[in-house]
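Tertiary structure, described
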Protein chains: 2
Amino acid sequence: MAQTAADWRERQREATRVEIRRTARGLLVESGPEAMSVSAIARRMGLSGPAIYRYYGSHDHLMDAVIAELFNELTEAIEQARGGRAAPGERLLAMSRALRSWATARTAEFRLLFAAPVPEANRRPDSERRQAGEQFDRIFLREVEALWAERPFPAPDLDRLDPALRAQVLAYTERKRTALPPAAVHVFLTCWTRLYGLLVMEALDQLAFAYTDLDPVFEACLDDISAMLGISEPR
Amino acid sequence: MAQTAADWRERQREATRVEIRRTARGLLVESGPEAMSVSAIARRMGLSGPAIYRYYGSHDHLMDAVIAELFNELTEAIEQARGGRAAPGERLLAMSRALRSWATARTAEFRLLFAAPVPEANRRPDSERRQAGEQFDRIFLREVEALWAERPFPAPDLDRLDPALRAQVLAYTERKRTALPPAAVHVFLTCWTRLYGLLVMEALDQLAFAYTDLDPVFEACLDDISAMLGISEPR
DNA sequence: AATCTGAGTTACAGGCTCTAACAAAAGTTA
DNA sequence: TAACTTTTGTTAGAGCCTGTAACTCAGATT
């Protein structure tokens, strides 16, 4: 089917949006998050400020778009790292390391994604940003499902959990429509929170009081997680 | 000794500074961190903007002062919660819960302290802010020292640690002049990072994707930590 | 009483977000 | 091709912000 002129205009429009986001990200990396101002982006693009508002209705909307794009990029990087290796355990470790590589190589971006308060906007279930975030979570969940399918790891009996916690784990299990039994979901969430927490603290420099090099700290965390998930790491 | 007029002036000055910080904090709680602008603070105090600069040289300096004050307040709240109970283990749990209570009751303030990138300023070892932060860390370390003295918890042999990690633990042990053996310091840091990470993630709403109520999650984390530190919790 | 100091003031420079009104470019149609 | 419509840019400006400069004025010192 031939392209209509409207299609072409729309493509032009999208190209400009891409350039706006690219410029914003350049400023982020060079000069920090507060440098991503509408004015500064426009200036760098050779436009005058208000022109940007033709493409993004507000600074917040622009930020959401940048964040969603980064989420997708990160997701892709991790899927790349997963590769086609046989053992799900190894894949999971590779993915975790890829996540951290991304976080340390792109600290400014990582902070934007994870080390900033999740704003109201992200609560809207239809927001592009939220979608991107959820897809990101999912790739880890899927991998743990594969791991469980291949060789179930020890999961504590749900009855031993605090009822309030159990209810939330059940709700999450339901929501995500995962094949994993709730007890395993609980283990997954525990691991995930731990990994995630460490990376966020690192990104915020909040661990500088004790550590200067977090490589071995992260590896120790991975050891813990491997133990919980019954992954025997080839040392 | 009688007070000189200069003393009185200095007291006035300090009183004004206190009011500035109090006003800033009010704005923080009511309208978020970005509401703590010099202008807004002055406006609310019935002053004109530049007056504030007589008391704090820049917005950043003012923020540092607010943060240092909050650190001290938090430290005091935790020392309060420690109380005089006999068992160091119970004291540690009480302190941890007090920390979380403070974090959840005063989310905006907690975010300011822990969930924002540690700026350069905090690297200056003489900064009031850094001092306050270090004193905060110390109270937990001191308590673990007491715990260790009373009943040493199992600590893994240092030789089993990654050399890079071991070096950092040794350096930290040295720096803090603690009586704790390095192996125990490592356990302490692991526990602390875990607790800390969970609270920061909660404060940033980064766990909302899975949990709505973090009370039981936190308690589960405390269970883990108790196990590592050999604290038998009375259930 | 004259002077000095410190705390406040206004004015302003330069940044930001975002709206309003207008100009120019580009595509559409008679 | 000429006239019309839509889209994309422009400038002007309101109203925030941080921070500096220059001024006023009250209170303490000499």
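Residues numbered from 1 in each chain as written. Chains lettered and ligands numbered in written order. Predicted model: local features only at pLDDT ≥ 70, side-chain atom pairs only at ≥ 80, totals over all residues. Heavy atoms only, no water.

**Concerning the interface of chain B and chain A**
Facing the 37 residues of chain B at the interface are 37 residues of chain A. Here chain B and chain A share an interface that buries about 3,300 Å² over both sides, 60% of which is from carbon and sulfur atoms. Taken together, chain B and chain A are joined by two salt bridges. Between D224 of chain A and R194 of chain B there is a salt bridge, and its shortest N-O distance comes to 3.4 Å. Linking chain B with chain A are 14 residue pairs in polar contact (both at pLDDT 80 or more), by the criterion used here. If you list the elements that add at least two residues to the side of chain B that touches chain A, you get helix 5 (107-114), helix 7 (163-176), helix 8 (182-203) and helix 9 (215-229) of chain B. (Contact = heavy atoms within 4.5 Å. Buried area = accessible area lost by both parts, 1.4 Å probe. Salt bridge = Lys/Arg side-chain N within 4 Å of Asp/Glu carboxyl O. Polar contact = N/O pair within 3.5 Å; in protein donor to acceptor, adjacent residues only side chain to side chain. Helix = DSSP H or I, 4+ residues; strand = E, 2+ residues; numbered from the N terminus.)

**Focus: the domain arrangement of chain A**
By convention, interface size is frequently given as the accessible area that disappears when the constituent parts associate. Residue and element names in this part refer to chain A. Partitioning chain A into domains gives domain 1 (1-57) and domain 2 (64-228). Once you take the C-alpha centre of each, domain 1 and domain 2 turn out to be 31 Å apart. Taken together, the contacts link seven residues of domain 1 with nine residues of domain 2. Of the roughly 720 Å² buried between domain 1 and domain 2 on both sides combined, carbon and sulfur atoms contribute 65%. A per-residue breakdown of the area domain 1 buries against domain 2 is headed by R21, R25 and L28, which together make up 72% of the total. At the surface where domain 1 touches domain 2, the tally comes to three salt bridges. Among the ionic pairs, R21 bridges to E69, the shortest N-O distance being 3.1 Å. Here domain 1 and domain 2 share three residue pairs in polar contact (both at pLDDT 80 or more) between them. Partitioned by chemical class, the residues of the side of domain 1 that touches domain 2 number five nonpolar, no polar and two charged. (Domains from an automatic or database assignment. Nonpolar A, V, L, I, M, F, W, Y, C, P; charged D, E, K, R; others polar.)

**Details of empty space enclosed by the protein**
Counted according to the given criterion, the structure contains two cavities of 30 Å³ or more. Size it by volume and the largest cavity reaches roughly 130 Å³. Of all the secondary-structure elements, those providing two or more residues to the lining of the largest cavity are helix 4 (88-105), helix 6 (128-150), helix 8 (182-203) and helix 9 (215-228) of chain A. Top contributing element to the lining of the largest cavity by residue count: helix 8 of chain A, with four residues. Taken as a whole, the second largest cavity holds about 120 Å³ of empty space. Every residue lining the second largest cavity is counted, 13 residues in all, and those nearest its centre are L92, S96, F140, I225 and L229 of chain B. Those elements that place two or more of their residues in the lining of the second largest cavity are helix 4 (88-105), helix 6 (128-150), helix 8 and helix 9 of chain B. Ranked by the residues each element gives to the lining of the second largest cavity, the list is headed by helix 8 of chain B, at four residues. Residues belonging to the lining of the second largest cavity are distributed by class as follows: 12 nonpolar, one polar and no charged. (1 Å grid on protein atoms, 1.4 Å probe; cavity = no way out; pocket = protein on both sides within 12 Å on 5 of 7 lines; lining within 4 Å. Points joined across faces, edges and corners; volume = space filled by probe spheres on them.)

**A look at the protein's contact with DNA strand D**
Taken together, 18 residues are adjacent to DNA strand D, and R54 and Y55 of chain A together with S39, Y53 and H59 of chain B come closest. Of all atoms in DNA strand D that approach within 4 Å of the protein, 64% are sugar or phosphate atoms. At 3.1 Å from a phosphate oxygen of DNA strand D is found a side-chain nitrogen or oxygen belonging to R43 of chain B. Elements supplying a minimum of two residues to the surface near DNA strand D: helix 1 (5-31) of chain A together with helix 2 (38-45) of chain B. (Near = heavy atom within 4 Å.)

**Topic: the pattern of salt bridges**
Applying the stated criterion to the full structure yields 35 salt bridges over all chains. Ionic pairing is found between R130 of chain A and E134 of chain A, a salt bridge with its closest N-O pair at 3.2 Å. With a gap of four residues between them, R130 of chain A and E134 of chain A both fall in helix 6, about one helical turn apart. With its nearest N and O atoms 2.5 Å apart, the salt bridge here joins R91 of chain B to E143 of chain B. Here E143 of chain B lies in helix 6 and R91 of chain B lies in helix 4, a separation of 52 residues in the sequence. The pair R91 of chain B / E143 of chain B is uniform in exposure class, with both members buried. A single network of salt bridges, built from pairs that share partners, joins E14, R17, R21 and E69 of chain A. (Buried < 20%, exposed > 50% of the residue type's maximum accessible area, 1.4 Å probe, protein only.)

**Regarding the protein's contact with DNA strand C**
Inspection of the region around DNA strand C gives 18 residues, with S39, Y53 and H59 of chain A together with R54 and Y55 of chain B positioned closest. Of all DNA strand C atoms lying within 4 Å of any protein atom, the proportion belonging to sugar or phosphate reaches 68%. A distance of 3.2 Å is found between a phosphate oxygen of DNA strand C and a side-chain nitrogen or oxygen belonging to R13 of chain B. Residue R54 of chain B places a side-chain N or O atom 2.5 Å away from a base oxygen belonging to DNA strand C. Taken together, the elements giving at least two residues each to the surface near DNA strand C come down to helix 1 and helix 2 (38-45) of chain A. Split by residue class, the surface near DNA strand C holds nine nonpolar, five polar and four charged.

**Here we look at the state of the cysteines**
One pass over the full model with this rule turns up zero disulfides over all chains. The structure places no disulfide on C221 of chain A, whose sulfur is separated from the nearest cysteine sulfur, that of C191 of chain A, by 8.6 Å. (Disulfide = S-S within 2.5 Å.)

**Some words on the packing of helix 4 of chain B against helix 9 of chain B**
Residue and element names in this part refer to chain B. Two elements in contact, helix 4 and helix 9, have axes whose closest approach is 11 Å; the angle formed by their N-to-C orientations is 150°. In terms of orientation, helix 4 and helix 9 fall into the roughly antiparallel class. Here helix 4 and helix 9 pass one another in a crossing that is right-handed. For the pair formed by helix 4 and helix 9, the contact residues are L92, L93, S96, R97 and R100 on the first element and D215, F218, E219, L222, S226 and L229 on the second. (Axes fitted to C-alpha atoms, helices over the stretch in contact; angles between N-to-C directions. Parallel < 35°, antiparallel > 145°, perpendicular 65-115°, else oblique. Left-handed = near helix turned anticlockwise from the far one by under 90°.)

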